[in-house]
Amino acid sequence: MRGTFAPTPGAAPVLLVHGLGMSGEYFLRLAAALAATHDVYALDLPGYGTAPRPARPLDVPELGGVVAATVRALGLEAPVVAGHSMGCQVVVDTVKDHPGLCSGYVLVGPTVDPGARGPLGLGWRLLRDTLREPPRTNALVVRDYLRMGPLRYLRTVRHMLHDRIEEDIRGCASPGLVVRGAHDLIARQDWALRLARAAPDARFLEIPGAPHNVQHTHPEELAAACAPFLAACRPGPRAGGPR
(Lines give C-alpha, C1' and ligand atoms only; values in the text may rest on other atoms or scores of the structure.)
Protein backbone atom coordinates (compact mmCIF):
# COMPACT_ATOMS: atom_id res chain seq x y z
CA MET A 1 0.00 0.00 0.00
CA ARG A 2 1.56 3.30 -1.10
CA GLY A 3 -0.20 5.49 1.41
CA THR A 4 -3.43 6.38 3.11
CA PHE A 5 -5.02 9.77 3.62
CA ALA A 6 -7.27 11.00 6.41
CA PRO A 7 -10.89 9.86 6.14
CA THR A 8 -13.97 12.06 5.96
CA PRO A 9 -17.00 10.76 7.91
CA GLY A 10 -19.82 9.58 5.63
CA ALA A 11 -17.74 9.58 2.43
CA ALA A 12 -16.98 6.33 0.64
CA PRO A 13 -13.30 5.37 0.79
CA VAL A 14 -11.44 5.24 -2.53
CA LEU A 15 -9.04 2.46 -3.51
CA LEU A 16 -6.76 3.26 -6.46
CA VAL A 17 -5.58 0.44 -8.76
CA HIS A 18 -2.64 1.14 -11.09
CA GLY A 19 -2.05 -0.05 -14.63
CA LEU A 20 0.42 -2.32 -16.41
CA GLY A 21 3.99 -2.04 -15.19
CA MET A 22 3.21 0.80 -12.83
CA SER A 23 2.85 1.24 -9.06
CA GLY A 24 0.59 3.18 -6.76
CA GLU A 25 3.11 6.01 -6.74
CA TYR A 26 1.74 7.60 -9.91
CA PHE A 27 -1.60 7.96 -8.09
CA LEU A 28 -0.23 9.95 -5.15
CA ARG A 29 -0.95 13.36 -6.68
CA LEU A 30 -4.56 12.36 -7.30
CA ALA A 31 -4.78 10.79 -3.85
CA ALA A 32 -3.70 14.06 -2.31
CA ALA A 33 -6.36 15.92 -4.30
CA LEU A 34 -9.07 13.46 -3.19
CA ALA A 35 -7.95 13.42 0.44
CA ALA A 36 -9.91 16.56 1.30
CA THR A 37 -13.14 14.58 1.05
CA HIS A 38 -12.24 10.87 1.07
CA ASP A 39 -10.15 8.21 2.76
CA VAL A 40 -7.80 7.20 -0.09
CA TYR A 41 -5.61 4.14 -0.58
CA ALA A 42 -3.06 3.63 -3.38
CA LEU A 43 -2.32 -0.05 -3.97
CA ASP A 44 0.75 -1.87 -5.30
CA LEU A 45 -0.47 -5.10 -6.91
CA PRO A 46 1.66 -8.29 -6.55
CA GLY A 47 4.71 -8.06 -8.80
CA TYR A 48 4.46 -4.28 -9.15
CA GLY A 49 6.29 -1.46 -7.39
CA THR A 50 7.48 -2.51 -3.96
CA ALA A 51 5.04 -5.44 -3.61
CA PRO A 52 6.38 -9.02 -3.44
CA ARG A 53 6.65 -10.87 -6.75
CA PRO A 54 4.64 -14.05 -7.21
CA ALA A 55 6.25 -16.96 -9.06
CA ARG A 56 4.33 -16.01 -12.21
CA PRO A 57 2.49 -12.87 -13.33
CA LEU A 58 -1.13 -12.94 -12.18
CA ASP A 59 -3.85 -12.62 -14.80
CA VAL A 60 -6.62 -10.02 -14.67
CA PRO A 61 -9.22 -12.06 -12.71
CA GLU A 62 -6.55 -13.06 -10.18
CA LEU A 63 -5.58 -9.42 -9.70
CA GLY A 64 -9.25 -8.60 -9.25
CA GLY A 65 -9.32 -11.16 -6.46
CA VAL A 66 -6.32 -9.44 -4.85
CA VAL A 67 -8.18 -6.10 -4.90
CA ALA A 68 -11.26 -7.69 -3.31
CA ALA A 69 -9.10 -9.33 -0.63
CA THR A 70 -7.43 -5.96 0.05
CA VAL A 71 -10.82 -4.29 0.52
CA ARG A 72 -11.77 -6.95 3.06
CA ALA A 73 -8.40 -6.94 4.81
CA LEU A 74 -8.59 -3.17 5.29
CA GLY A 75 -12.19 -3.42 6.48
CA LEU A 76 -13.34 -0.82 3.95
CA GLU A 77 -17.07 -0.17 3.85
CA ALA A 78 -18.30 -0.34 0.25
CA PRO A 79 -15.45 1.68 -1.27
CA VAL A 80 -15.22 3.17 -4.72
CA VAL A 81 -12.53 1.27 -6.65
CA ALA A 82 -10.79 3.35 -9.29
CA GLY A 83 -8.42 1.98 -11.91
CA HIS A 84 -6.20 3.45 -14.59
CA SER A 85 -5.36 1.78 -17.93
CA MET A 86 -5.04 -1.98 -17.32
CA GLY A 87 -6.09 -1.27 -13.74
CA CYS A 88 -9.56 -0.61 -15.18
CA GLN A 89 -9.71 -4.22 -16.34
CA VAL A 90 -8.77 -5.33 -12.82
CA VAL A 91 -11.41 -3.06 -11.30
CA VAL A 92 -14.14 -4.39 -13.60
CA ASP A 93 -13.31 -7.96 -12.62
CA THR A 94 -13.35 -6.95 -8.95
CA VAL A 95 -16.81 -5.40 -9.22
CA LYS A 96 -18.23 -8.15 -11.45
CA ASP A 97 -16.93 -11.09 -9.43
CA HIS A 98 -17.67 -9.62 -5.99
CA PRO A 99 -21.15 -8.07 -6.15
CA GLY A 100 -22.02 -5.81 -3.24
CA LEU A 101 -18.38 -5.25 -2.31
CA CYS A 102 -18.10 -1.74 -3.79
CA SER A 103 -20.45 1.24 -3.88
CA GLY A 104 -19.11 2.34 -7.27
CA TYR A 105 -16.19 2.20 -9.67
CA VAL A 106 -14.19 4.63 -11.80
CA LEU A 107 -12.32 3.68 -14.98
CA VAL A 108 -9.65 6.17 -16.08
CA GLY A 109 -8.19 5.64 -19.57
CA PRO A 110 -9.45 2.03 -19.83
CA THR A 111 -7.78 -0.63 -21.95
CA VAL A 112 -7.97 -2.57 -24.24
CA ASP A 113 -9.69 -0.99 -27.24
CA PRO A 114 -10.46 -3.82 -29.71
CA GLY A 115 -9.13 -1.53 -32.43
CA ALA A 116 -5.65 -1.94 -30.91
CA ARG A 117 -5.93 -5.44 -29.49
CA GLY A 118 -2.45 -6.57 -30.39
CA PRO A 119 1.07 -5.74 -29.22
CA LEU A 120 1.90 -3.71 -32.32
CA GLY A 121 -1.28 -1.62 -32.37
CA LEU A 122 -1.22 -0.98 -28.65
CA GLY A 123 2.52 -0.31 -28.66
CA TRP A 124 2.13 2.29 -31.44
CA ARG A 125 -0.56 4.10 -29.49
CA LEU A 126 1.55 3.99 -26.34
CA LEU A 127 4.54 5.46 -28.16
CA ARG A 128 2.47 8.30 -29.62
CA ASP A 129 0.86 9.05 -26.27
CA THR A 130 4.31 9.20 -24.65
CA LEU A 131 5.06 12.23 -26.81
CA ARG A 132 2.10 14.00 -25.18
CA GLU A 133 3.14 13.22 -21.60
CA PRO A 134 5.39 15.62 -19.66
CA PRO A 135 8.97 14.48 -18.87
CA ARG A 136 8.16 14.05 -15.17
CA THR A 137 5.41 11.54 -15.99
CA ASN A 138 7.49 9.65 -18.56
CA ALA A 139 10.38 9.35 -16.09
CA LEU A 140 8.07 7.75 -13.53
CA VAL A 141 6.65 5.35 -16.14
CA VAL A 142 10.09 4.26 -17.41
CA ARG A 143 11.38 3.70 -13.87
CA ASP A 144 8.44 1.49 -12.95
CA TYR A 145 8.64 -0.46 -16.22
CA LEU A 146 12.33 -1.19 -15.59
CA ARG A 147 11.60 -2.21 -12.03
CA MET A 148 8.98 -4.70 -13.22
CA GLY A 149 11.35 -6.17 -15.80
CA PRO A 150 10.77 -6.89 -19.52
CA LEU A 151 9.85 -10.59 -19.24
CA ARG A 152 7.23 -10.09 -16.54
CA TYR A 153 5.93 -7.07 -18.44
CA LEU A 154 5.51 -8.98 -21.71
CA ARG A 155 3.87 -11.95 -20.02
CA THR A 156 1.40 -9.60 -18.35
CA VAL A 157 0.65 -7.95 -21.71
CA ARG A 158 -0.65 -11.31 -22.90
CA HIS A 159 -3.08 -11.44 -19.98
CA MET A 160 -4.18 -7.86 -20.65
CA LEU A 161 -4.85 -8.51 -24.35
CA HIS A 162 -6.74 -11.73 -23.60
CA ASP A 163 -9.11 -10.01 -21.17
CA ARG A 164 -12.43 -8.69 -22.52
CA ILE A 165 -13.43 -5.71 -20.40
CA GLU A 166 -16.21 -4.76 -22.84
CA GLU A 167 -17.93 -8.05 -22.01
CA ASP A 168 -17.10 -8.17 -18.31
CA ILE A 169 -18.45 -4.68 -17.64
CA ARG A 170 -21.95 -5.92 -18.46
CA GLY A 171 -21.83 -7.78 -15.15
CA CYS A 172 -21.01 -4.69 -13.06
CA ALA A 173 -24.18 -3.79 -11.15
CA SER A 174 -22.62 -0.93 -9.17
CA PRO A 175 -22.71 2.58 -10.66
CA GLY A 176 -19.66 3.48 -12.71
CA LEU A 177 -17.83 6.40 -14.25
CA VAL A 178 -15.65 6.13 -17.36
CA VAL A 179 -13.09 8.93 -17.71
CA ARG A 180 -10.47 9.78 -20.29
CA GLY A 181 -8.11 12.63 -21.02
CA ALA A 182 -9.28 14.43 -24.14
CA HIS A 183 -5.81 13.89 -25.68
CA ASP A 184 -5.55 10.21 -24.68
CA LEU A 185 -4.43 8.18 -27.72
CA ILE A 186 -4.70 4.84 -25.91
CA ALA A 187 -8.27 5.09 -24.62
CA ARG A 188 -9.96 6.90 -27.50
CA GLN A 189 -13.29 8.65 -27.14
CA ASP A 190 -15.35 6.20 -29.19
CA TRP A 191 -13.98 3.28 -27.18
CA ALA A 192 -14.57 4.92 -23.80
CA LEU A 193 -18.12 5.84 -24.79
CA ARG A 194 -18.76 2.30 -26.00
CA LEU A 195 -17.55 0.93 -22.68
CA ALA A 196 -19.75 3.29 -20.66
CA ARG A 197 -22.78 2.34 -22.75
CA ALA A 198 -22.10 -1.38 -22.29
CA ALA A 199 -22.28 -1.06 -18.50
CA PRO A 200 -25.66 -1.40 -16.74
CA ASP A 201 -25.15 1.98 -15.00
CA ALA A 202 -22.21 4.15 -16.04
CA ARG A 203 -21.51 7.71 -17.12
CA PHE A 204 -18.75 9.17 -19.27
CA LEU A 205 -16.65 12.32 -18.98
CA GLU A 206 -13.46 13.82 -20.41
CA ILE A 207 -10.71 15.96 -18.89
CA PRO A 208 -9.77 18.72 -21.39
CA GLY A 209 -6.16 18.82 -22.53
CA ALA A 210 -5.12 15.67 -20.67
CA PRO A 211 -3.16 12.67 -22.05
CA HIS A 212 -3.42 9.03 -20.97
CA ASN A 213 -1.83 9.54 -17.55
CA VAL A 214 -4.40 12.14 -16.56
CA GLN A 215 -4.27 11.12 -12.90
CA HIS A 216 -0.63 12.26 -12.78
CA THR A 217 -0.71 15.23 -15.16
CA HIS A 218 -4.11 16.72 -14.17
CA PRO A 219 -4.87 15.40 -10.66
CA GLU A 220 -6.86 18.42 -9.44
CA GLU A 221 -9.01 18.53 -12.56
CA LEU A 222 -9.65 14.79 -12.41
CA ALA A 223 -10.57 14.92 -8.72
CA ALA A 224 -12.97 17.81 -9.32
CA ALA A 225 -14.61 16.09 -12.28
CA CYS A 226 -15.13 12.87 -10.29
CA ALA A 227 -16.36 14.66 -7.14
CA PRO A 228 -20.13 14.55 -7.90
CA PHE A 229 -19.99 10.84 -8.70
CA LEU A 230 -17.91 10.03 -5.61
CA ALA A 231 -20.24 12.07 -3.40
CA ALA A 232 -23.19 9.99 -4.61
CA CYS A 233 -21.46 6.73 -3.60
CA ARG A 234 -22.14 5.97 0.05
CA PRO A 235 -20.80 3.17 2.25
CA GLY A 236 -23.18 0.28 2.69
CA PRO A 237 -22.74 -3.00 4.61
CA ARG A 238 -19.21 -3.78 5.68
CA ALA A 239 -17.05 -5.39 3.01
CA GLY A 240 -16.79 -9.11 3.49
CA GLY A 241 -20.15 -9.30 5.22
CA PRO A 242 -23.22 -11.12 3.93
CA ARG A 243 -24.17 -10.34 0.33
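Further up the page is the structure itself.
Reference entry: report on the structure contained in this document. (Residues numbered from 1 in each chain as written. Predicted model: local features only at pLDDT ≥ 70, side-chain atom pairs only at ≥ 80, totals over all residues. Heavy atoms only, no water.)

1. Observations concerning the overall build of the protein
Along the protein, the regular secondary structure elements total 10 helices and 7 strands. Over its C-alpha atoms, taken along the principal directions, the protein stretches across nearly 45 × 40 × 30 Å. Within the span of the protein, comprising 243 residues, buried residues form 57% of the whole. Restricting to contacts in the protein with at least 6 residues of sequence separation, those with at least 24 account for 80%. Carbon and sulfur atoms make up 59% of the accessible area of the protein, which amounts to about 10100 Å² in all. Distance between charge centroids for the protein: 3 Å, based on 26 positive and 22 negative side chains. (Helix = DSSP H or I, 4+ residues; strand = E, 2+ residues; numbered from the N terminus. Buried < 20%, exposed > 50% of the residue type's maximum accessible area, 1.4 Å probe, protein only. Contact = heavy atoms within 4.5 Å. Areas by Shrake-Rupley, 256 points an atom, 1.4 Å probe, with all protein chains shown as cover. Lys, Arg positive; Asp, Glu negative; His and termini not counted. Charge placed at Lys NZ, Arg CZ, Asp CG, Glu CD.)

2. Notes on the packing of aromatic side chains
Evaluated as defined, the whole model comprises 2 aromatic pairs. Judged by centre distance (5.1 Å) and plane angle (65 degrees), the rings of Tyr-26 and Phe-27 are edge-to-face. Summarising the burial analysis for this pair, Tyr-26 and Phe-27 share the class buried. (Phe/Tyr/Trp six-rings, centres within 6.5 Å; stacked < 30°, edge-to-face > 60°.)

3. Things to note about the packing of helix H2 (residues 60-74) against helix H3 (residues 86-97)
For any two helices packed against each other, one specifies the crossing angle of their axes together with the interaxial distance. One way to put it is that H2 packs onto H3 with a least axis distance of 8 Å and a crossing angle of 70 degrees. Our classification of the angle between H2 and H3 gives roughly perpendicular. Here the hand of the crossing between H2 and H3 comes out right-handed. Residue-level inspection shows Val-60, Pro-61, Leu-63, Gly-64, Val-67 and Ala-68 of H2 in contact with H3, the latter providing Met-86, Gln-89, Val-90, Asp-93 and Thr-94. Of the residues contributing to the contact of H2 with H3, the split by class is 7 nonpolar, 3 polar and 1 charged. (Axes fitted to C-alpha atoms, helices over the stretch in contact; angles between N-to-C directions. Parallel < 35°, antiparallel > 145°, perpendicular 65-115°, else oblique. Left-handed = near helix turned anticlockwise from the far one by under 90°. Nonpolar A, V, L, I, M, F, W, Y, C, P; charged D, E, K, R; others polar.)

In short, the description is geometric, and any link to function would need to be established separately.
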